[in-house]
Structure formats: structure tokens, C-alpha cells
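# Coordinates in review
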Amino acid sequence: MKQSNQLIKYYDIQREQMRQLIIEKCKTVNQRTAICTMTLERCNMQFSFLESTLPILKELSMYRKILDDMERFACDDKAITAEMAQGYEDWCLQITELLEHGAISNQNYLSHWQLQLLPGLIEKLGVFFTSGTPPYWDDIEVSLIGVWLLFMYETVHKYPNPKNFNYYVFIRSRHPDIEAIGKERDELRAKLSQSVSYRDAYDTISATYRNECEKYMDEAAAEHKRLKAEYRPLAPKDLVLTMRELERIRADVQFITTENPTEEDIQQRLQYYRTLDIASEETDTSTAANGNGI
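Attention here is on the structure that accompanies the text. (Residues numbered from 1 in each chain as written. Predicted model: local features only at pLDDT ≥ 70, side-chain atom pairs only at ≥ 80, totals over all residues. Heavy atoms only, no water.)

Our focus in this paragraph is the overall build of the protein. When you go through the protein residue by residue, the secondary structure sums to 16 helices and zero strands. By the compact-globule yardstick of 19 Å for 294 residues, the protein fits well, its C-alpha radius of gyration being 21 Å. Oriented by its inertia axes, the alpha-carbon framework of the protein measures out at about 60 × 45 × 35 Å. Put simply, the protein has 294 residues, and 50% of those count as buried. When contacts within the protein are restricted to residue pairs at least 6 apart in sequence, those whose partners lie at least 24 apart make up 78%. On the protein, the mean spot of the 35 positive side-chain charges and the mean spot of the 46 negative ones are 6 Å from each other. (Helix = DSSP H or I, 4+ residues; strand = E, 2+ residues; numbered from the N terminus. Rg over C-alpha atoms; globule rule 2.2 N^0.38 Å. Buried < 20%, exposed > 50% of the residue type's maximum accessible area, 1.4 Å probe, protein only. Contact = heavy atoms within 4.5 Å. Lys, Arg positive; Asp, Glu negative; His and termini not counted. Charge placed at Lys NZ, Arg CZ, Asp CG, Glu CD.)

A separate point is unusual backbone geometry. Unusually for a residue other than glycine, D77 sits at a positive phi of about 60°. Assignment of secondary structure puts D77 in the loop between α5 (63-76) and α6 (82-100). For N260, which is not glycine, the phi torsion reads 50° and is therefore positive. Within the element layout of this structure, N260 appears in the loop between α14 (240-258) and α15 (263-274). Overall, N260 belongs to the exposed group, its relative accessible area being 69%.

In this section: the pattern of salt bridges. Inspection of every chain in the model, using the stated rule, returns 22 salt bridges. Between E71 and R274 there is a salt bridge, with its nearest N and O atoms 2.7 Å apart. Of this pair, E71 sits in helix α5 while R274 sits in helix α15, and the two are 203 residues apart along the sequence. No difference in accessibility class separates E71 from R274, as the two residues are buried. K215 is the salt-bridge partner of E212, the closest N and O atoms lying 2.9 Å from each other. Residue K215 is classed as exposed on the basis of its relative accessible area, which comes to 58%. Because the salt bridges share partners, they merge into one network encompassing R42, E245, R248, D252 and R269. (Salt bridge = Lys/Arg side-chain N within 4 Å of Asp/Glu carboxyl O.)

For helix α13 (residues 217-230), built from 14 residues, the straight-helix expectation of 20 Å at 1.5 Å per residue is met to within 8% by its first-to-last C-alpha distance of 20 Å. Packing partners of the buried residues in α13 comprise α10 (167-174) and α12 (199-214). (Expected span 1.5 Å × (residues − 1).)

Turning next to the packing of helix α3 (residues 44-53) against helix α7 (residues 113-129). Their axes nearest at 11 Å, the elements α3 and α7 cross at an angle of 120°. In terms of orientation, α3 and α7 fall into the oblique class. When the axes of α3 and α7 are compared, the crossing they make is left-handed. Taking contact as the criterion, the partners of Q46, F47, F49, L50 and T53 in α3 are, on α7, W113, Q114, L115, L118, L121, I122 and L125. When the residues that make up the contact of α3 with α7 are grouped by side-chain class, the tally is nine nonpolar, three polar and no charged. (Axes fitted to C-alpha atoms, helices over the stretch in contact; angles between N-to-C directions. Parallel < 35°, antiparallel > 145°, perpendicular 65-115°, else oblique. Left-handed = near helix turned anticlockwise from the far one by under 90°. Nonpolar A, V, L, I, M, F, W, Y, C, P; charged D, E, K, R; others polar.)

Two elements in contact, helix α11 (residues 176-192) and α12, have axes whose closest approach is 9 Å; the angle formed by their N-to-C orientations is 155°. With respect to their mutual orientation, α11 and α12 come out roughly antiparallel. Between α11 and α12 lies a crossing of left-handed hand. Where α11 approaches α12, its residues I178, I181, G182, E184, R185, L188, R189 and L192 are matched on the opposing element by R199, A201, Y202, I205, S206, T208, Y209, E212 and C213. Class assignment of the residues belonging to the contact of α11 with α12 gives a composition of nine nonpolar, three polar and five charged.

Shown next, in the form of C-alpha cells:
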């Protein structure tokens, strides 16, 4: 869905205000690193989902190692070496190659928004990791990666435009049996991109997938009709999750710059964020905002 000018303006203003807040309040490398690491921790649950969904990503699993290294840098002043940074960059490049060569392909038929936003997420992380090693990373920009992630989720996926409604994606999201067939089909598509020997198996599972989906086409058509009848353009007030992430960054800046936290306090906050699903409407951010219970 193409975002409205009103939403883009809102996003640009909020992003710039947050960027200026970090610049003005976080005067030291350690403070900026802590804010940056907190944001990266909050993306952990999204990568955990990606790895559990796509076995090929699990084989390349590295995100939690990156978080561990960042925590040591933020809390124990353990340096991020050029070799470590090169490893992070290589990880991003490997995933990018998988995307470009079709191993993770045909994004329109992937039923989860995390998979569809993977290219943008990896691109942003790749730019961050190639900007040098701490203290030369652009940690202020990557501190806003969660805001980008949730803005894209809410404007493109959480409140879909009926014009972009995909019957197959809807059916997969509602029926676990179809989702299981779809996952098998996705895996075979990835193998097919590397070897034509999987052509027959892929064609067979594709035919099964289409036939099984046909059983639910009326249900998908009804949902499409409902979405068209109820659709209204999004307004900034609808971006609840995006605004929550902005609030978390503000709370983090206050925590780091005014509450004089110990290394143990920072570590506890980081561990809490690592288990936080920022895309869940049920997420309670009050504890993160006031620093209690983390």
C-alpha cells in the first residue's frame, strides 16, 4: 500500500525529532551505543520468527551473537573489532544474496510481514555495519530501525489496502494446513533456484497447494469484500505500535542520560527488550517506560 502524504510527513517529522533528541541528550559514545543496542534488542523477536520460518536463515543464524557482542560493548566496554564488524557485514551480504538469487523468493506469496520486510531490514543493518566500527558507526540512525519496521508494518501490512489483497496470503494466514503446504512449497522453490532436479517435486507441491487453496477461495473473497466495505485511509493516530516504539526510545534516552544506571541496570533492560515482541498489540510498554520490572 502506498502511504499517504500525511503519514509520510508524520513519519519524517517524528523521525527527525527523535534523531535530534538523541543528538542533544546523548553526549557520549557509551550513551549512544546503549540506545542503539536497546533498539537492536527489540528486533530480536522478529529475527527469531524469521529463522524459525525459513530453515535457510536458521543456518545463517547470527543476530543473537551480534546482540551479545553489542551488550558487552555497551556494558563492559568490550571493543567491537574490525574482524567482528566484517562478520556482521558478511552475514547481511549472505542474506542479500539469498534474496537476490531467489532462495528467498516471490515475496508476494509469503504470508508473514516479517518475511516481506526482511530485505529492507537487512539493507538498513548492512548500511550500519559497513559505516565503520564503534565509535564510528552511525548508531543514531540504526536506533530508529524499530520505528521504520513498525511504520512499514502498520501502513502496509497491519491495515492492508484492499487493492493489495492477496487471496493466497490470506488463506495461508487463516488455515494451518495450507500454511504447512505453503512452507513446503517455499522450501522447494528455494532448492529449485539452486538445482533443476527439484522441478518435479516443486510442480507437484504447487498443484497440491493451488487445489487446497481453492477450497477456501469463497472465504477469501468474502474477506476481500469486507475489507473494501470497511476501508478508510489511515491517519497518524492509527499508528499505535509506531508511536509506542517512539515512546520507548524517549524512555531509553531519559533512562541513560538522567537516571545514572549501573551496568547491571542496563544489562537488565537489554535482556528484557530481547524478549519483547514490539509488533504485538498486547505488548505492555509501561514497565519499559518507567524502568520498573525490567
